[in-house]
Amino acid sequence: MESNPICPACQQPNTYTDTVSWFCTDCGHEWNENDLLTDADERQVRDANGTVLNDGDTVTLIKDLKVRGTSSVLKVGTKIKNIRIVDGDHDIDCKTELGPMMLKSEFLKKA
Ligand SMILES: [Zn+2]
């Protein structure tokens, strides 16, 4: 079950949404969820082509990547499923054929 936010005006939980804005049935206050988002939530991770990446996307490598601490290389064209967007310099958390890995979105493109 999805839990509705409390009304920022009267603190009552009797709110509903039309998927764009939230409404309060108690005081009639109306607000947009985007107003409440932090910068972190609005951060967008883009691939080498500038396409926005999302959790669960499938990507392919656009260049060979040496795996740190090993002699293994992830080859260009390697397909990686079900990526997860994270904060940081290496902003993609994923599982590759060589194990779990953190990658940079600039070396990936959406499949
Ligand atoms: Zn209210």
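Residues numbered from 1 in each chain as written. Predicted model: local features only at pLDDT ≥ 70, side-chain atom pairs only at ≥ 80, totals over all residues. Heavy atoms only, no water.

(A) Broad picture of the environment of T78. Mapped onto the elements of the fold, T78 is located in the loop between β8 (73–74) and β9 (79–80). A residue is classified by how much of its surface remains accessible, and T78, at 9% relative accessible area, is buried. When the C-alpha positions of T78 and T96 are compared, they lie 8.5 Å apart, and in sequence the two are 18 residues distant. Apart from residues no more than four positions distant in its own chain, T78 is found in contact with V59, T60, L61 and E97. (Helix = DSSP H or I, 4+ residues; strand = E, 2+ residues; numbered from the N terminus. Buried < 20%, exposed > 50% of the residue type's maximum accessible area, 1.4 Å probe, protein only. Contact = heavy atoms within 4.5 Å.)

(B) Main features of the layout of surface pockets. Approximately 250 Å³ is the volume attributed to the largest pocket. Taken together, L65, K66, V67, R68, L74, H90, P100, M101, M102, L103, K104 and F107 make up the full set of residues lining the largest pocket. Within the residue set of the lining of the largest pocket, elements represented by two or more residues are β7 (65–66) and β12 (99–103). Looking at the lining of the largest pocket element by element, the count peaks at four residues for β12. Of the residues that constitute the lining of the largest pocket, the class distribution is eight nonpolar, one polar and three charged. (1 Å grid on protein atoms, 1.4 Å probe; cavity = no way out; pocket = protein on both sides within 12 Å on 5 of 7 lines; lining within 4 Å. Points joined across faces, edges and corners; volume = space filled by probe spheres on them. Nonpolar A, V, L, I, M, F, W, Y, C, P; charged D, E, K, R; others polar.)

(C) Summary view of the coordination of the zinc ion. Distances from the zinc ion to its protein donors, C7 (SG), C10 (SG), C24 (SG) and C27 (SG), fall within 2.2 to 2.3 Å. Of note is the zinc ion, whose four donor atoms meet at the metal with angles of 105 to 115° in an arrangement that counts as tetrahedral. The sequence motif formed by the donor residues of the zinc ion is C-x2-C-x13-C-x2-C. Residue C10 is located in the segment before β1 (15–17), and its partner C27 is located in the loop between β2 (21–24) and β3 (30–32); the two are separated by 17 residues in the primary sequence. (Donors = N, O, S within 2.8 Å, 3.2 Å for Na, K, Ca; no water. Tetrahedral: all angles 85-135°; square planar, octahedral: opposite > 155°, others 65-115°.)

(D) Structural detail: the sheet that holds β9. Sheet architecture is open: three strands sit in the order β9-β6-β13, paired in antiparallel fashion. In this open sheet, the two strands that pair with only one neighbour each are β9 and β13 (108–110). As paired strands, strand β6 (residues 59–61) and β13 are joined by three bridges and run antiparallel to one another. Within β13, the position partnered with L61 by the bridge is L108. (Pairing = 2+ DSSP bridges.)

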